[in-house]
Amino acid sequence: MLKSDLSTLVIAIISVLLAMICIQSGASIAKQLFPVIGPEGTTALRVGFSALILWLVFRPWRHWPKGRQWQALIIYGGCLGGMNILFYMAIERIPLGVGVALEFTGPLAVALLSSRRKLDVLWVAFALAGVLLLMPDMRGADALDPVGVMLALAAGGCWAGYILFGQKAGNLAPGGATVALGMTIAALYLFPIGLVSAGADLFQWQILPLALLVAVMSSALPYSLEMVALKRLPSKNFSVLMSVEPAVAAMAGLLLLSEFLSLWQWLAIAMVITASLGSSLTKTTNKEAGGVTEEAKA
């Protein structure tokens, strides 16, 4: 490998890892706002600030959709907002690493169901085994909250919709403009929900800097880092790197929130990662399952 190729690869890998660290650190900071304004209020501020940042950066008014083009965009924005609020409501009840692993079943399902290879049965089995291990055991003293588990799986369903409709919406305008418009649509219905839930507390000046930091770490910064990586890595390699995100989330929860996981929970997360890695390493070119970026995630 040439020295220039090696340096390009290193820059790409570092960029992806930093993007994941930003995303999960942002989620950890967001979780600390829950006692003040709840997950609904936190989501409202995070999505609202993200929309403003994305409008300033990508200037979507230059690529304004017309007529029926709005249909896919509105559904995309709805899925994007649902993914965010459901995930935040989930990690209010369950550890961050577990929530990310359960949410990961959404894009993993899209990738596996769009494939016709027999080998994918193995990855489906790994993913299902991981999810089953994370299912609440009501007999245990440290059982996961079943509502939190269901919310995380629902967030994964929204993530799957975000991928499918994001591809349709993405064909209407450049990727950045599409995300900016989708985030705006999400903010239009999430902000009233947050306002009703949190009331006047939503506008406390003490929490606004933290909310802005969450928006930057969850949108602007990781999006920029991923663009750096995507220009230097094939999509397959990018997917492989992204597969370790549940582990990054678990470590962020441990270091920033003191969320300790059991051995079985770590094993379950490892199974979900294995399924994602296996699917990424063995997949052929597949337009239906590609194109997932982190800028819209929590």
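Residues numbered from 1 in each chain as written. Predicted model: local features only at pLDDT ≥ 70, side-chain atom pairs only at ≥ 80, totals over all residues. Heavy atoms only, no water.

Chemist: Would you mind going over the environment of Ala-125 with me for this structure?
Modeler: Residue placement: Ala-125 occurs in helix H5 (residues 120–134). Separated by 150 residues in the primary sequence, Ala-125 and Ala-275 place their C-alpha atoms 8.1 Å from one another. (Helix = DSSP H or I, 4+ residues; strand = E, 2+ residues; numbered from the N terminus.)

Chemist: Can you walk me through unusual backbone geometry in this structure?
Modeler: Note: most residues except glycine have negative phi, and most peptide bonds are trans. For Arg-59, which is not glycine, the phi dihedral falls at a positive 45 degrees. Mapped onto the elements, Arg-59 comes out in the loop between helix H1 (3–58) and helix H2 (69–91). Judged by its relative accessible area of 37%, Arg-59 falls in the partly exposed class. Phi is positive for Ser-258, which is not a glycine, with a value near 55 degrees. (Buried < 20%, exposed > 50% of the residue type's maximum accessible area, 1.4 Å probe, protein only.)

Chemist: Teacher, can you tell me more about the packing of H5 against helix H11 (residues 263–282) here?
Modeler: Between two packed helices, what matters for the description is the angle formed by their axes and the separation of those axes. Between H5 and H11, the least distance of the axes is 8 Å, while the angle of their chain directions is 160 degrees. Accordingly, the angle class assigned to the pair H5 and H11 is roughly antiparallel. Of the two elements, H5 crosses H11, and the hand of that crossing is left-handed. Along the contact surface, H5 presents Asp-120, Trp-123, Phe-126, Ala-127, Ala-129, Gly-130, Leu-133 and Leu-134, while H11 presents Trp-264, Gln-265, Leu-267, Ala-268, Met-271, Val-272, Thr-274, Ala-275, Gly-278, Ser-279 and Thr-282. (Axes fitted to C-alpha atoms, helices over the stretch in contact; angles between N-to-C directions. Parallel < 35°, antiparallel > 145°, perpendicular 65-115°, else oblique. Left-handed = near helix turned anticlockwise from the far one by under 90°. Contact = heavy atoms within 4.5 Å.)

Chemist: Help me out: how do you make sense of the side chain of Ser-50 in this one?
Modeler: The residue Ser-50 is located in helix H1 in this model. Only 2.7 Å separates the side chain of Ser-50 from the backbone oxygen of Arg-46, close enough to count as a polar contact. Ignoring sequence-local partners within four residues, the contact set of Ser-50 consists of Met-183, Ala-215 and Ser-219. (Polar contact = N/O pair within 3.5 Å; in protein donor to acceptor, adjacent residues only side chain to side chain.)

Chemist: Please explain the pattern of salt bridges as it appears in this structure.
Modeler: If charged atoms from side chains of opposite charge come close, those side chains can pair. Under the criterion given, the structure shown has two salt bridges. Salt-bridge contacts for Lys-31 lead to Glu-259; the nearest nitrogen and oxygen are separated by 2.4 Å. Of the two residues, Lys-31 is situated in helix H1 and Glu-259 in the loop between helix H10 (245–257) and H11; the sequence distance between them amounts to 228 residues. For Glu-259, a relative accessible area of 14% puts it in the buried group. Put simply, Arg-93 and Asp-145 hold a salt bridge, and the shortest N to O gap is 3.2 Å. In this pair, Arg-93 is assigned in the loop between H2 and helix H3 (96–103) and Asp-145 in the loop between H5 and helix H6 (146–170), connecting sequence segments 52 residues apart. (Salt bridge = Lys/Arg side-chain N within 4 Å of Asp/Glu carboxyl O.)

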